[in-house]
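Each chain, written out:
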Number of protein chains: 2
Amino acid sequence: MKVGLVQLAPVLGNPQATLAAIDRLLAGVALPELLVLPELCNSGYNFTSMQQARDLAEPIGDSAFLDHLQRICSRGGCRIVCGFNELADNQLYNTAVLLGPDGVIGKYRKLHLFLNEKDYFQPGDLGLPVFDLGCCRVGLLICFDWFFPEVWRILALKGADIICHPANLVLPGLAQRGVEVHAMTNRVFVILANRTGREGDLAFTGLSRIVDPRGDVLASAAAQQEQVLIADIDVGKARAKHITPRNHVLDDRRPAEYRLLAELHEQKKAE
Amino acid sequence: MKVGLVQLAPVLGNPQATLAAIDRLLAGVALPELLVLPELCNSGYNFTSMQQARDLAEPIGDSAFLDHLQRICSRGGCRIVCGFNELADNQLYNTAVLLGPDGVIGKYRKLHLFLNEKDYFQPGDLGLPVFDLGCCRVGLLICFDWFFPEVWRILALKGADIICHPANLVLPGLAQRGVEVHAMTNRVFVILANRTGREGDLAFTGLSRIVDPRGDVLASAAAQQEQVLIADIDVGKARAKHITPRNHVLDDRRPAEYRLLAELHEQKKAE
């Protein structure tokens, strides 16, 4: 199947301009079956106040931004994963929405908030869902989530073939190295759709990439160019979890030893 | 503090030759406080039979090989981590021994056995201990263990500053990339002491390295050269777990979400 991403600079406070950029970048492109956009595409990232963050949030069920993306899905027969500033129950969430031609398929709310995001967003409260699209099973992570190896592992154990990773990365090159290793050790595909450009004091790092289950980069973007990446992948490679005839990346785990993880964390906080 | 490693080719079935090589490589070197040797140093790796593996195993309490290393510790006032083919209760274990001037401080038995190791060794049964040496806290992993992000995390949660990683790596370059990311995301030092050379159909990949808690390589070895690496490290960097003023690599975890890890694995096996 074909998968892809759009690397661009969402325009803070101007979703119409962002949609125009997406349309321009996709013009003439044969749409892949699964397309990933960066984090917080409908709002931009570097808010100067809670009021601004709130003004730029939308409910998932009432979003002109998502309606536009759904029309792209209908036209191309594809699914889109898009980072989304979500308003729900009078709270904001840093969310990734999975859309298809018929509307919203599912969503994920970022579990690990970075720096000032903690002022604006509630921490994710929907766990780590995996969505079966028939052609593949998709897990979602957002930006700084990458830093926590637990989430990659959980998505792999839940059967994700492809992990879609909308991002607004600012630490140069770290996540790009990280996702390759997490792809390799969990034997999954990763579509890291990072943004470019600057907002205030933040410079975003681009270098979006599509990584295969061996950790090899199938397609990669430049640091600062707006561009579309497409790759042809064999989903079966994410289901071949043997790395030698006698070593399986999930079954070789020693879960009796790993149960310590949660307890140790709680001890640490109590100290 | 100073830490180091010896990259060399242990000689299958000839521990005296291996010790002679270690002595030769360390001649004239100011010994660091902590020195790491490759996996299965006292025996070599690529056994042709269970009998050979057994003939080359030693009990930890009765090993001329470890006695020799202990004399090095006494001379240099240092600690050594050494991969060791351990005979215990009539079973073999792929073990890492931590030695000091006064003898054995502790040991770890490899949790994740690679390929034919499953014919020779029992899986590790001592969990993931961390040893407080006063100057630093040390965790131990062996070779293919690197592939399992859980073990890095557990050692970090248990307070390890430095993870010593004796190895006999054969997959080119994968672990070297991996340990850098695990160092970065757990904010620990890693001393990856890999071996060089060939045994039968196996070629070992060298490229040993000392990695700091930012994932940066402080010292790295060539692919095929026998050599000693030394680096001066500030252990405090492994205790500075904040990566921004508002993000802590351990406290930002969401353990309530991660408890799924063990359960999901069990479900998977039952399917």
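See the structure above.
Residues numbered from 1 in each chain as written. Chains lettered and ligands numbered in written order. Predicted model: local features only at pLDDT ≥ 70, side-chain atom pairs only at ≥ 80, totals over all residues. Heavy atoms only, no water.

(A) Spotlight on the overall build of chain A. Counting its secondary structure elements, chain A contains 9 helices and 16 strands. Scaling as 2.2 N^0.38, a compact globule of 271 residues should have a C-alpha radius of gyration of about 18 Å, and chain A matches this with 18 Å. Along the three orthogonal principal directions, the C-alpha set of chain A runs to about 55 × 50 × 35 Å. Per-residue burial for chain A yields a buried fraction of 62% across its 271 residues. By sequence separation, contacts in chain A at least 24 residues apart represent 66% of the contacts at least 6 residues apart. Accessible area of chain A: about 9400 Å², with a carbon and sulfur share of 48%. (Helix = DSSP H or I, 4+ residues; strand = E, 2+ residues; numbered from the N terminus. Rg over C-alpha atoms; globule rule 2.2 N^0.38 Å. Buried < 20%, exposed > 50% of the residue type's maximum accessible area, 1.4 Å probe, protein only. Contact = heavy atoms within 4.5 Å. Areas by Shrake-Rupley, 256 points an atom, 1.4 Å probe, with all protein chains shown as cover.)

(B) Quick peek at the state of the cysteines. Tallying each qualifying case throughout the model produces 0 disulfides over all chains. The thiol sulfur of Cys 136 of chain A is not disulfide-bonded, and the nearest other cysteine sulfur, from Cys 135 of chain A, lies at 3.7 Å. (Disulfide = S-S within 2.5 Å.)

(C) Quick peek at the nonpolar core. By size, the foremost hydrophobic cluster in this structure holds 143 residues, and its most contacted members are Leu 34 and Ile 162 of chain A together with Leu 34 and Ile 162 of chain B. Apart from the residues lying within four places of it in its own chain, the contact partners of Leu 34 of chain A are Met 1, Lys 2, Val 3, Gly 4, Arg 79, Val 81, Leu 98, Leu 133, Val 138, Ile 162, Cys 164 and Ile 191 of chain A. In terms of nonpolar packing, the next biggest core, distinct from the first, is built from 23 residues, Leu 26, Ile 72, Cys 73 and Leu 99 of chain A among them. (Core = buried A, V, L, I, M, F, W, Y, C linked by side-chain atoms within 4.5 Å.)

(D) Highlighting the interface of chain A and chain B. Between chain A and chain B, the residue contacts involve 55 residues of the former and 55 residues of the latter. Buried surface at the junction of chain A and chain B, summed over both partners, amounts to about 5500 Å²; 63% is from carbon and sulfur atoms. Residues Asp 252 of chain A and Lys 118 of chain B are paired through a salt bridge, measuring 3.2 Å at the closest nitrogen-oxygen approach. At the junction of chain A and chain B, the tally comes to 24 residue pairs in polar contact (both at pLDDT 80 or more). When contributions to the side of chain A that touches chain B are tallied by element, the ones reaching two or more residues are helix H4 (117-120), helix H5 (149-157), helix H6 (174-186), strand S15 (242-244), helix H8 (255-258) and helix H9 (260-270) of chain A. Grouping the constituent residues of the side of chain A that touches chain B by class yields 26 nonpolar, 11 polar and 18 charged. (Buried area = accessible area lost by both parts, 1.4 Å probe. Salt bridge = Lys/Arg side-chain N within 4 Å of Asp/Glu carboxyl O. Polar contact = N/O pair within 3.5 Å; in protein donor to acceptor, adjacent residues only side chain to side chain. Nonpolar A, V, L, I, M, F, W, Y, C, P; charged D, E, K, R; others polar.)

(E) Fine view of the packing of helix H1 (residues 15-26) of chain B against helix H3 (residues 64-76) of chain B. Residue and element names in this part refer to chain B. Two elements in contact, H1 and H3, have axes separated by 10 Å at closest approach and are oriented at 15°. Taken together, H1 and H3 sit at an angle that is classed as roughly parallel. Here H1 and H3 pass one another in a crossing that is right-handed. On the side of H1, the interface is formed by Pro 15, Thr 18, Leu 19, Ile 22, Asp 23 and Leu 26, while H3 contributes Phe 65, His 68, Leu 69 and Ile 72. Considered class by class, the residues forming the contact of H1 with H3 number 7 nonpolar, 2 polar and 1 charged. (Axes fitted to C-alpha atoms, helices over the stretch in contact; angles between N-to-C directions. Parallel < 35°, antiparallel > 145°, perpendicular 65-115°, else oblique. Left-handed = near helix turned anticlockwise from the far one by under 90°.)

(F) Fine view of helix H6 (residues 174-186) of chain B. All names here are of chain B. The first and last C-alpha atoms of H6 sit 18 Å apart over 13 residues, in line with the 18 Å expected at 1.5 Å per residue. Counting buried positions along H6 gives 12 out of 13 residues, so the element sits mostly inside the fold. Arg 187 lies just past H6 and shows a positive phi near 50°. (Expected span 1.5 Å × (residues − 1).)

(G) Spotlight on the pairing of strand S4 (residues 91-100) of chain B. Residue and element names in this part refer to chain B. In terms of burial, S4 is largely enclosed, as 9 of its 10 residues are buried. Direction of pairing for strand S3 (residues 79-88) relative to S4: antiparallel, over a ladder of 9 bridges. Note on S4: the bridge partner recorded for Phe 84 is Thr 95. Linking S3 to S4, which pair antiparallel, is a turn of 2 residues; within it Asp 89 sits at a positive phi near 50°. Summarising the sheet, S4 and strand S5 (residues 103-109) pair through 6 bridges and their orientation is antiparallel. Note on S5: the bridge partner recorded for Thr 95 is Arg 109. The turn linking S4 back onto S5 is made up of 2 residues. (Pairing = 2+ DSSP bridges.)

(H) Quick peek at the pattern of salt bridges. Evaluation of the coordinates by the stated rule reveals 34 salt bridges over all chains. Glu 117 of chain A is the partner of Lys 110 of chain A in a salt bridge, and the nearest nitrogen-oxygen pair spans 2.8 Å. Residue Asp 161 of chain B is joined to Arg 137 of chain B by a salt bridge in which the shortest nitrogen-to-oxygen separation is 3.7 Å. With Asp 161 of chain B in the loop between helix H5 (149-157) and strand S8 (162-166) and Arg 137 of chain B in strand S7 (residues 137-140), the pair connects residues that are 24 residues apart, well separated along the chain. Accessibility expressed as a relative area gives 26% for Arg 137 of chain B, which makes it partly exposed.

(I) Spatial organisation of the sheet that holds S4 of chain B. Residues and elements named next belong to chain B. Spatial strand order, S5-S4-S3-S2-S1-S14: 6 strands in an open sheet with mixed pairing. Each edge of the open sheet carries a strand with a single partner, namely S5 and strand S14 (227-232). Averaged over neighbouring strand pairs, the angle between their axes works out to 30° when direction is ignored. As judged from the 3 bridges shared by strand S2 (residues 34-36) and S3, these two strands associate in the parallel manner. Residue Leu 34 lies in a different strand from S3, and its bridge partner there is Arg 79.

(J) Structural view of the sheet that holds S8 of chain B. Residues and elements named next belong to chain B. Read from one edge to the other, the open sheet built from 6 strands follows the order S6-S7-S8-S9-S12-S13, with strand pairing classed as mixed. Edge positions in the open sheet fall to strand S6 (130-132) and strand S13 (217-220), since each of these has one partner strand only. Here the strands of the sheet are splayed against their neighbours by 15° on average, with no regard to which way each runs. On top of the sheet, H5 reaches S6, S7, S8 and strand S9 (189-193); it is set at about 140° to S8, its chief contact. Here H6 sits on the sheet in contact with S8, S9, strand S12 (209-211) and S13, set at roughly 20° to S12.

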